[in-house]
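# Understanding the architecture of this molecule
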Amino acid sequence: MMATANNQIESKKSDPIFCELSANDLEPAITEIESLCMECGKNGTTRMLLTKIPHYKDVIIMSFECEHCGYQNNEIQNGGKIAETGIKITLQVISPQDLNRQVVKSDYTSIYIPNLEFEIPAQSQKGEITTVEGIINRTISALEQDQAERRKLFADTAVEIDKFITKLHALKTLDEPFTIIFEDISGNSYVENPRAPFKDNQCTITYFKRTEEQNHILGTYSDNEDVLLKRIEEGEFLLEEIDGEVISFSTNCPDCNSPCETNMKTTNIPHFKEIVIMATLCESCGHRTNEVKSGGGIEPQGVRIEVTITGKEDFSRDLLKSETCELEIPELDLEVGPNILGGRFTTVEGIIVAMKEQLSSSTVFTGDTSNPEVVNRMNIFIAEMEKVLDGKKKVTLILNDPAGNSYIQSLSDDGPDNKLNIIKYDRSFEQNEELGINDMKVENY
């Protein structure tokens, strides 16, 4: 597939023709526009194509070519909005299959290989679709490019670079396993899971809240929703004053960016706490979204909730999944990260249906690079989930929330019933870091 960068496309974003283009306009045809060549300054052609990456999202691939000087360049951009959090992906490379994993990296992705103490800084390269081996090959090519000249002028430096290139080649031959880390403040990077939809034991994904400075790098600033939530948290609006009332405020559609309204109200979950429910409907494109946030702060301890699902009565249990909560069904080897489904107030059945629908609508079935073997594996997995929903398969649903803001209803009036197990635990330093607690200063202002 095409990769890396067309630097001239940024200057075209102010062009009225470019601004009128949307994802719907691009799919499935290739759209062409004229743009200036970086090398000779004459007009070249930029081609744009919207495509889907399995298990990931829509992306826009752009390819530039100048017929006057022969200059070529390519770039990939996210076809959706910037993610709400940054992402850090740590991959253990132990086999040739891992070297061939597809990687999507945005402009804001830094790459670090601890074994070599080697880092590619964020914004030093444009976004691309490549592989782990492709990243290594590109690094080797970049280092070898001026070696002939270095050997003449800086012989000692050239020798050190040659040694480092040898180490990079050793990564490709897997003389020993190595770790590669992708950190992206935009949250729009991805590493293929060859075992999908099952858990990837060699890949660890964590999410982190961006700092104000990182948001400014991305060109994002607090919108009305963030301001309102902050005013609620700081006590300007007390929950008891707005409890039961629906408050509406203006925002923009996350899909088409058209002005729309977000409705918000608070409600109380018996034996738990107050929550804030928000729902947005865009009349322009029909996009719907709903989200649940805790009405209180982060709890002193994290919580792990396990419920055994054996029948219909278990499906009817109320369930609150916060935006920091991970889901797991060990019998299906299924793990769902906190950002996949967001915050939800539903039932046990509702959350399983949501996971099934998420998998059913996955780009694995519609992507241009869909793998028949993966599609078949996904169909088998979805069939297993249907057995669970039909009550034919006994499973355990696990909610693990470091913030302690998730909940599953007990069927007993006196604490957890015999199918429900609730465990409070102390968070690790890493979990506190993801929640932004380590940087909080609450003394000596």
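Placed above this text is the structure.
The structure reproduced in this document is the subject of the present report. Values in this document were obtained by computation on a predicted structure and should not be read as measured data.

Cut-offs applied
- Residues numbered from 1 in each chain as written.
- Predicted model: local features only at pLDDT ≥ 70, side-chain atom pairs only at ≥ 80, totals over all residues.
- Heavy atoms only, no water.
- Helix = DSSP H or I, 4+ residues; strand = E, 2+ residues; numbered from the N terminus.
- Buried < 20%, exposed > 50% of the residue type's maximum accessible area, 1.4 Å probe, protein only.
- Contact = heavy atoms within 4.5 Å.
- Pairing = 2+ DSSP bridges.
- Axes fitted to C-alpha atoms, helices over the stretch in contact; angles between N-to-C directions.
- Polar contact = N/O pair within 3.5 Å; in protein donor to acceptor, adjacent residues only side chain to side chain.

## Focus: the overall build of the protein
- When you go through the protein residue by residue, the secondary structure sums to 15 helices and 24 strands.
- Expressed as a percentage of its 445 residues, the buried residues of the protein come to 42%.
- The long-range fraction of contacts in the protein, counting pairs at least 24 apart against all pairs at least 6 apart in sequence, stands at 64%.

## Here's the deal with the sheet that holds strand β12 (residues 203-208)
- Spatial ordering of the open sheet is given by β8-β7-β10-β5-β12, a layout of five strands whose pairing is antiparallel. Bordering the open sheet on either side are β8 (118-120) and β12, each of which pairs with just one other strand. Ignoring which end each strand starts from, the neighbouring axes of this sheet average 15° apart.
- Sheet topology places strand β7 (residues 109-113) next to β8; three bridges connect them, and they run antiparallel. From the neighbouring strand, Tyr 112 faces β8, where its bridge partner is Glu 119.

## As for the side chain of Thr 109
- By the secondary structure assignment, Thr 109 is in strand β7.
- A polar contact is formed between the side chain of Thr 109 and the side chain of Ser 189, at a distance of 2.6 Å.
- Residues contacting Thr 109, with those up to four places away along its chain left out, are Ile 120, Pro 121, Ala 122, Phe 182, Glu 183, Asp 184 and Ser 189.

## Quick notes on the environment of Glu 32
- Mapped onto the elements, Glu 32 comes out in strand β1 (residues 31-36).
- Using a relative accessible area of 51% as the deciding quantity, one classes Glu 32 as exposed.
- With sequence-adjacent residues up to four places away left out, Glu 32 is seen in contact with Thr 45, Thr 46 and Arg 47.

## A look at the pairing of strand β19 (residues 326-329)
- Here β19 shows a buried face lined by Leu 327 and Ile 329 and an unburied face lined by Glu 326 and Glu 328.
- By the bridge criterion, three bridges tie β19 to strand β22 (residues 395-401) in an arrangement that is antiparallel. Within the sheet, the bridge partner assigned to Glu 328 lies in β22 and is Ile 398.
- Between β19 and strand β20 (residues 334-336), which pair antiparallel and follow one another directly, the connecting turn spans four residues, one of which, Asp 333, has a positive phi of 55°.

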